[in-house]
Amino acid sequence: MATTLSIDFVSDVSCPWCVIGLRGLEQALEALEGDVSAEIRFQPFELNPGMAPEGEDIGEHIQRKYGSSPDKSAELREVIRTRAADLGFTMNMEPGRRIYNTFDAHRLLHWAGLQDPDRQRPLKHALFAIYFTEGGNPSDRSALLDAASRAGLDVAQAAAMLDSDAHADAVREAEQLWQRQGIQSVPAVIIDGRYLISGGQPPEAFEKALRSIAAEKATA
């Protein structure tokens, strides 16, 4: 019988390594099918909580925030693009793209988890695709409703939620909770509230860690 693990996936919609981490985790779980199953909950983390509504040029943002030169940024974009492609995800990271505030996307994800926990993951994938593949704005209401539709959620209910301030306090409280627990970068994958796997790990690394954790749990 498969060992069930509870997984909190702490991430941001505008984090490319979070795409890579989620894809790696999912492929690891596919490889472990029959031995390990998982209940995945998506938890909020904002890389840029103070970002203005109009966003910022991503190259300028990275240079200001991390001090990375244009050449280094280009090298990193290619590394990320290749890693994502190897996992079956198309990531368009041309210069001139923008990065945006993601708070409403996190509100939508929180709401989706309350409506139907099984809809959170397809919503997360839709948000990643809209931003990284299609170049959309994950703070834009129409883009968020498009993601809700792709995930099979009730669009009218999603619109009513986004037009209110519903779940804003819950998202902020969750963000603060994970920060208090020491999460300062994402993705952060917390297994059964005890084990932390950090970063956009490859499937093999996730598979090894999950197999070890499941074996320990099975014999506890």
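Preceding this paragraph is the structure being described.
Figured I'd write up the structure that's included with this text. Given the structure is predicted, the values throughout are model-derived calculations rather than measurements. (Residues numbered from 1 in each chain as written. Predicted model: local features only at pLDDT ≥ 70, side-chain atom pairs only at ≥ 80, totals over all residues. Heavy atoms only, no water.)

## Here we look at unusual backbone geometry
Turning to step 1, where the next piece is worked out: That bond from Val186 to Pro187 is cis: its omega, 5°, falls within 30 degrees of zero.
Turning to step 2, where the next piece is worked out: You can see Pro187 is positioned in the loop between helix H8 (168-180) and strand S5 (188-191).
Turning to step 3, where the next piece is worked out: At His167, a position not held by glycine, the phi torsion is positive, near 70°.
Turning to step 4, where the next piece is worked out: Secondary-structure assignment places His167 in the loop between helix H7 (155-162) and H8.
Turning to step 5, where the next piece is worked out: For His167, a relative accessible area of 24% gives the class partly exposed.
Turning to step 6, where the next piece is worked out: Positive phi outside glycine occurs at Asp192, with the angle close to 50°.
Turning to step 7, where the next piece is worked out: Summarising the element assignment, Asp192 is placed in the loop between S5 and strand S6 (195-198). (Helix = DSSP H or I, 4+ residues; strand = E, 2+ residues; numbered from the N terminus. Buried < 20%, exposed > 50% of the residue type's maximum accessible area, 1.4 Å probe, protein only.)

## Section: the packing of aromatic side chains
Pairs of aromatic rings are described using the distance from one ring centre to the other and the angle between the two planes.
Turning to step 1, where the next piece is worked out: Under the counting rule described, the total for this entry stands at 3 aromatic pairs.
Turning to step 2, where the next piece is worked out: Grouping aromatic residues by their ring pairs yields a cluster made of Phe128, Tyr131 and Phe132.
Turning to step 3, where the next piece is worked out: The ring of Tyr131 carries Arg97 above its face, with NZ or CZ at 4.9 Å from the centroid. (Phe/Tyr/Trp six-rings, centres within 6.5 Å; stacked < 30°, edge-to-face > 60°. Lys NZ or Arg CZ within 6 Å of the ring centre and 35° of its normal.)

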